[in-house]
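As a plain string of letters, each chain reads:
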Amino acid sequence: GCSLLPPQHLTGTLVLSVFTAVLGFFQYGYSLGVINAPQKVIEAHYGRVLGFVPLDRHATNTSGEDGAVTVPGTEAWGGTEGTLAPPADSSEDLTTAPHMLTMYWSLSVSVFAIGGMVSSFTVGWIGDRLGRVRAMLVVNVLSIAGNLLMGLAKFGPSHMLIIAGRAITGLYCGLSSGLVPMYVSEVSPTALRGALGTLHQLAIVTGILISQVLGLDFLLGNDEMWPLLLGLSGVAALLQFFLLLLCPESPRYLYIKLGKVEEAKKSLKRLRGNCDPMKEIAEMEKEKQEAASEKKVSIRQLFTASKYRQAVIVALMVQISQQFSGINAIFYYSTNIFERAGVDQPVYATIGVGVVNTVFTVISVFLVEKAGRRSLFLAGLMGMLISAVAMTVGLVLLSQFTWMSYVSMIAIFLFVIFFEVGPGPIPWFIVAELFSQGPRPAAIAVAGFCNWACNFIVGMCFQYITDLCGPYVFVIFAVLLLVFFLFAYLKVPETKGKSFEEIAAVFRRKKLPAKSMTELEDLHGGEEA
């Protein structure tokens, strides 16, 4: 009988378990953000290692600064780029170098997402084989290894070490981005599922913010310290490793997957304090019978079986809207946009965006159980749409009216705020809510893959598209946001406070699209009206 007092649900063990799990997302955010600040410094270092030394520094810097590559060795990179090439070749030297550097740099940034794409498919399998907690323990080894490679980047061929390190931390983050929501949604009481699910996003933005601050040139974003900056999330990995030893296994996993009733009760008692576990055990029993009646669903079945189709489309579109909403563009380009808007210290403005980002994610933790997932998702998309249009207008008319720079700047902040209200946090946990036990692992894998693939596409293509469209780049995002909004309005159900069974029932009833809206409203008692 403790369902009426949510604070009572928040036991120390639950807080510890969720905090520990979410450290995985902190590492993800840190890895996303860390690479932006020291770009110039690392590119310069790559240039020295690869023998593309800026011409004016020939005399001082021939051997690359750590002596890892001596001049004769540069022939391996195709003779003409050798630092001691005769002046006649210097023009060629200058044209190939930037192009090669851009390639190595883009790869350093985006190989992270490739790692994530690859590992997102193994999440369900690892989570079921090892159990949620043991799986999180094991994958931390990847994080520690990848961060070591980056931290030691100066002692070897740094471009290779960084690309390898980013790929391995990417593998870790892919696994983590599936295991963490799985664990958190399974240990949370229904009343807090959304609020605790929003912590994933909070951990990401905190990671981004800390990496931005540490990346300031007078802290770690400089020539001496950047390897430490890149490898620092290894500290979070170590912390997570030791804290996980104290976390109880997911009672849902113990009960439904392993059938260990007593252990599940023990785990529940630890997570819920002195409240009677029987109501939740009964819920799990119901879910277990469902799971027994519905066999484990493979990824192929997930796409072929008509009963999952609606839910799968929703799960994928929610991920696509998160990545293609243009938020990455803001993070990649905020410094640039602030520069164009005439800010003296654009780096600090960018950190300002990070702070606003974090504050509003905290606010959404409280909103998501009050207002519901669907309405927040819609409000967020609409707000971002308006901000994107305002930003475009601001950037286009900048040359005519100087005050337009303020319009674009305010639009950046609003864009970020609306993102954190809905499209930011909700995709991470709504997928776990849309599916019952049978198809859930497959669904989380597919959604994770989709999220990473979109992340990769945006990361790789964005530079080229911006060069093409200039200030009109946000028009593309505005159009996409409109599409996402209409889709969400027509298709995304409300999942707040419903058990997994009720949510599945919504989709079963939604075979006829024409009726779907009114039915949803009946289900909520006209909550959106």
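Remember, it's a predicted structure, so these values are computed and weren't measured experimentally.

(A) Layout of the overall build of the protein. For the protein, the count of helices and strands is 25 helices and zero strands. In the protein, which comprises 529 residues, the share counted as buried stands at 56%. Sequence separation of 24 or more characterises 81% of the internal contacts of the protein that already satisfy a separation of 6 or more. As presented, the protein carries roughly 21500 Å² of accessible surface, and 70% of it is formed by carbon and sulfur atoms.

(B) The confidence of the model for the protein, seen in detail. On average, residues of the protein carry a pLDDT of 82, and 86% of them reach 70 or more. The model gives residues 1–6 a pLDDT under 50, and that stretch makes five contacts with residues more than four places away or in other chains.

(C) Local environment of the packing of helix H18 (residues 346–371) against helix H19 (residues 373–396). At a minimum axis distance of 7 Å, the contact between H18 and H19 shows a crossing angle of 125 degrees. Classified by the angle between their axes, H18 and H19 sit oblique to one another. Residues Leu367, Val368, Glu369 and Ala371 of H18 form the contact with H19, whose participating residues are Arg373, Ser375 and Leu376. Taken together, the residues that form the contact of H18 with H19 break down as four nonpolar, one polar and two charged.

(D) Looking closely at helix H11 (residues 233–244). For H11, with twelve residues, the first-to-last C-alpha span of 16 Å sits near the 16 Å given by 1.5 Å per residue. Taken together, the buried positions of H11 are occupied by Ser233, Gly234, Ala236, Ala237, Gln240, Leu243 and Leu244. On its buried side, H11 packs onto helix H2 (12–34), helix H7 (132–151), helix H8 (158–187) and helix H10 (226–231).

(E) Just the nonpolar core, in detail. Counting 103 residues, the largest nonpolar core has Leu302, Phe435 and Phe474 as the members making the most contacts within it. Per-element accounting of this core gives the leading share, eleven residues, to helix H22 (residues 440–469). Two domains each put at least three residues into this core: domain 1 (9–53 + 99–247) and domain 2 (296–528). Among all residues touching Phe474, those that are not within four sequence positions of it are Gly326, Ala329, Ile330, Ile337, Ala388, Met391, Thr392 and Leu395. Counting 23 residues, the second largest nonpolar core, distinct from the first, contains Ile35, Val109, Ala153 and Leu229.

(F) The pattern of salt bridges, seen in detail. Scanning the entire structure with this criterion turns up eleven salt bridges. Put simply, Asp128 and Arg132 hold a salt bridge, and the shortest N to O gap is 2.9 Å. Across the pair, Arg132 and Asp128 agree in class, each one buried. Here the residues in one salt-bridge network are Asp128, Arg132, Glu186, Arg252, Glu287 and Arg440, joined through shared partners.

(G) Seen up close, empty space enclosed by the protein. Under the defined criterion, the tally for this structure stands at five cavities of 30 Å³ or more. Space inside the largest cavity adds up to approximately 320 Å³. In terms of lining, the largest cavity is formed by 20 residues, of which the most central are Leu32, Ile208, Ile327, Asn328 and Phe331. Of all the elements in the fold, those that place two or more residues in the lining of the largest cavity are H2, helix H9 (193–214), helix H16 (306–323), helix H17 (327–340) and helix H20 (404–421). Among the elements that make up the lining of the largest cavity, the one with the highest residue count is H9 (five residues). Class assignment for the residues of the lining of the largest cavity results in ten nonpolar, nine polar and one charged. Split by domain, the lining of the largest cavity shows at least three residues from each of two domains, domain 1 (9–53 + 99–247) and domain 2 (296–528). Empty space within the second largest cavity amounts to approximately 110 Å³. Lining the second largest cavity we find 14 residues, and of these Ser177, Trp428, Ile444, Ala447 and Gly448 sit closest to its centre. Only H8, helix H21 (426–434) and H22 provide two or more residues apiece to the lining of the second largest cavity.

(H) Looking closely at the packing of aromatic side chains. In this structure the tally under the stated criterion is 14 aromatic pairs. On the numbers, 6.2 Å between centres and 90 degrees between planes, the contact of Phe25 with Tyr28 is edge-to-face. Here Phe25 pairs with Tyr28, and both are found in helix H2, just three residues apart, close to one helical turn. Here Phe25 and Tyr28 have matching classes, each one buried. Measuring from ring centre to ring centre gives 5.6 Å for Phe241 and Phe242, while their planes differ by 85 degrees; the resulting arrangement is edge-to-face. An aromatic cluster is built from Phe25, Tyr28, Phe112, Trp428 and Trp452, whose rings are joined through pairwise contacts. Sitting over the face of the ring of Tyr255, Lys288 holds its NZ or CZ atom 5.3 Å from the ring centroid.

(I) Spatial organisation of helix H6 (residues 123–130). When we look at burial in H6, the residues that qualify are Val123, Gly124, Ile126, Gly127 and Asp128. Where H6 terminates, the next one or two residues include Gly131, which has phi positive at roughly 90 degrees.

(J) Representation of the packing of H16 against H21 within the structure. Between H16 and H21, the shortest axis-to-axis distance is 10 Å and the interhelical angle comes to 175 degrees. Here H16 lies roughly antiparallel to H21, going by the angle between them. Counting all contacts with H16, which are made through Ala311, Val314, Ala315, Val318, Gln319 and Gln322, the residues of H21 involved are Pro427, Trp428, Ile430, Val431 and Leu434. Across the contact of H16 with H21, the residue classes tally to nine nonpolar, two polar and no charged.

(K) Looking closely at the environment of Ser298. Within the secondary structure layout, Ser298 lies in the loop between helix H14 (278–293) and helix H15 (299–304). Overall, the relative accessible area of 33% leaves Ser298 in the partly exposed class. Residues Ser298 and Gly438, spaced 140 residues apart in sequence, show a C-alpha to C-alpha distance of 9.1 Å.

(L) Spatial organisation of the side chain of Glu280. As for its position among the elements, Glu280 is in helix H14. Reaching out from Glu280, the side chain makes a polar contact with the side chain of Arg272 at a distance of 2.6 Å. Apart from residues lying up to four places away in sequence, Glu280 is in contact with Leu268 and Arg272.

(M) A look at a nonpolar patch on the surface. Taken together, the side chains of Val213, Phe218, Leu219, Val347 and Tyr348 make up a nonpolar region of the molecular surface, amounting to roughly 430 Å² of accessible area. Among the residues examined, Val213 registers a relative accessible area of 31% and is labelled partly exposed.

(N) Spatial organisation of the side chain of Ser119. Along the chain, the position of Ser119 falls in helix H5 (residues 90–120). Taking the relative accessible area as the measure of exposure, Ser119 reaches 4% and is therefore buried. Apart from the residues within four sequence positions on either side, Ser119 is in contact with Gly170, Leu171, Gly174 and Leu175.

Calculation rules
- Along each chain, residues carry numbers from 1 onward, in the same order as the chain's sequence is written.
- In view of the model being predicted, local features appear only for residues whose pLDDT reaches at least 70, and side-chain atom pairs are presented and counted only at 80 or more, with totals across whole chains, interfaces and linings using the full set of residues.
- In computing side-chain values, all of the structure's heavy atoms are included and hydrogens and water are not.
- Every helix listed is a DSSP run of H or I at least four residues long, and every strand listed is a run of E at least two residues long, numbered separately from the N terminus.
- Here the term buried applies to any residue with accessible area under 20% of the maximum for its type, exposed to any over 50%, and partly exposed to those in between, with areas from a 1.4 Å probe on protein chains only.
- It only takes one pair of heavy atoms within 4.5 Å for two residues to be counted as in contact.
- To be clear on the numbers: accessible area is Shrake-Rupley with a 1.4 Å probe, and residue cover counts the displayed protein chains and nothing else.
- The predictor's confidence in any single residue is recorded as pLDDT, a number from 0 to 100.
- An axis is simply a line fitted to the C-alpha atoms; with a helix, the fit covers only the stretch in contact. Between two such axes, the angle follows the N-to-C directions and lies from 0 to 180 degrees.
- Here the word oblique covers every angle except those under 35 degrees (roughly parallel), over 145 (roughly antiparallel) and from 65 to 115 (roughly perpendicular).
- The nonpolar class holds Ala, Val, Leu, Ile, Met, Phe, Trp, Tyr, Cys and Pro. Asp, Glu, Lys and Arg form the charged class, and all remaining residues, Gly among them, are polar.
- Under the convention used throughout, the expected extent of a helix is 1.5 Å for every residue step, that is, one less than its residue count.
- Definition of nonpolar core: a set of buried residues of the types Ala, Val, Leu, Ile, Met, Phe, Trp, Tyr and Cys, connected through side-chain atoms within 4.5 Å.
- Reported domain spans reflect what an automatic or database domain assignment gives.
- Salt bridge, as used here, is a side-chain nitrogen of Lys or Arg placed within 4 Å of a carboxyl oxygen of Asp or Glu.
- Method remark: on a 1 Å grid restricted to protein atoms, a set of points is classed as a cavity if a 1.4 Å probe fits but cannot get out and as a pocket if it is open with protein on both sides within 12 Å along at least five of seven lines; lining residues have an atom within 4 Å of a point.
- Grid points are joined across faces, edges and corners, and a volume is the space filled by probe spheres set on the points.
- The aromatic pairing rule takes the rings of Phe, Tyr and Trp, using the six-membered ring of Trp, and pairs them if the centres are within 6.5 Å, calling planes under 30 degrees apart stacked, those over 60 edge-to-face and the rest tilted.
- Two limits define a charge over a ring: the Lys NZ or Arg CZ must be within 6 Å of the ring centre, and within 35 degrees of the ring normal.
- For the purposes of these results, a polar contact is taken to be a pair of N or O atoms within 3.5 Å, where, inside protein, one atom must be able to donate a hydrogen and its partner to accept one; residues adjacent in sequence count only when each atom of the pair is a side-chain atom.
- Patches were defined on residues exceeding 30% relative accessible area and lacking a salt bridge, with like-charge contacts within 9 Å and nonpolar side-chain contacts (Val, Leu, Ile, Met, Phe, Trp, Tyr) within 5 Å.

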